[in-house]
Structures are given as C-alpha cells and as structure tokens.
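One letter stands for each residue in the lines below.
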Amino acid sequence: MTMIRTMNTSITLKKKQTAFRFSEDLLERLKELAKKDNRSLNNYVEKILIEKVYNEPNETTIAAMKEAKERKNLETLDLAKFKEFIASL
C-alpha cells in the first residue's frame, strides 16, 4: 500500500500490477521525462496519473485559471512595492 498526499487530501492506494500499450514515440518520451525527473518509468507514469486524477482544482481555482487565460481583470504589478513586500517577509 502507498500513501499519497494530493492538493486536497491524503489517499492510501493498494497497488495492483497491470499492463498498458503505448505508442513507441510516447513510450520513448515518457522514458526521457522519467530519467530527467530521476524516476523509474513506472514511478513517473504513476506520478503523472495520480496528479491528473487526484488533483482536481476547486471552483475558485478553475475560475481564476479561466480569468487568467482570458486575460480578464489584469492588474499592473508595481515591482518596487513587490520588492519591499518580499523584503519585509
């Protein structure tokens, strides 16, 4: 069993062996990305599937993502004030 923590909750997963068929190009790309992330192929594929399946954004986040994509309600960032804020932390 494996315990994972997602954005919204903690989940205990019982692992079961299975097999999938992937295109050669996809498999090679997954292997490259797994290596880059210092993970086995199995662990990398499991990680990205868990992120996709269990990390659903809430309604507020979805609305903010839509707003950003549509470039609505954009504000100008005062870099000097932002640097002051960061320095105050």
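Whatever comes next refers back to the structure up there.
So, here's what we can say about the structure.

### Concerning the overall build of the chain
Then step 1. When its secondary structure is counted, the chain shows four helices and two strands.
Then step 2. Taken from the N to the C terminus, the helices and strands of the chain come in the order β-β-α-α-α-α.
Then step 3. Sorting the 89 residues of the chain into buried and exposed places 10% on the buried side.
Then step 4. Taking as baseline every contact in the chain between residues at least 6 positions apart, the subset at least 24 positions apart corresponds to 32%.
Then step 5. For the chain, the accessible area works out to roughly 8600 Å², and carbon and sulfur atoms hold 53% of it.

### Some points on the packing of aromatic side chains
Then step 1. This model, assessed by the stated rule, comprises one aromatic pair.
Then step 2. Ring centres of F20 and F22 lie 6.1 Å apart, and the angle between their planes is 25°; on these two criteria the pair is classed as stacked.

### Observations regarding the packing of helix α1 (residues 24-36) against helix α2 (residues 41-54)
Then step 1. Where α1 contacts α2, the two axes come as close as 9 Å, and the packing angle between them is 95°. The pairing of α1 with α2 is recorded here as roughly perpendicular in orientation. Judged by residue contacts, L27, L30, K31, L33 and A34 of α1 engage L41, Y44, V45 and I48 from α2.
Then step 2. Class assignment for the residues of the contact of α1 with α2 results in eight nonpolar, no polar and one charged.

About the cut-offs
- Residues numbered from 1 in each chain as written.
- Predicted model: local features only at pLDDT ≥ 70, side-chain atom pairs only at ≥ 80, totals over all residues.
- Heavy atoms only, no water.
- Helix = DSSP H or I, 4+ residues; strand = E, 2+ residues; numbered from the N terminus.
- Buried < 20%, exposed > 50% of the residue type's maximum accessible area, 1.4 Å probe, protein only.
- Contact = heavy atoms within 4.5 Å.
- Areas by Shrake-Rupley, 256 points an atom, 1.4 Å probe, with all protein chains shown as cover.
- Phe/Tyr/Trp six-rings, centres within 6.5 Å; stacked < 30°, edge-to-face > 60°.
- Axes fitted to C-alpha atoms, helices over the stretch in contact; angles between N-to-C directions.
- Parallel < 35°, antiparallel > 145°, perpendicular 65-115°, else oblique.
- Nonpolar A, V, L, I, M, F, W, Y, C, P; charged D, E, K, R; others polar.

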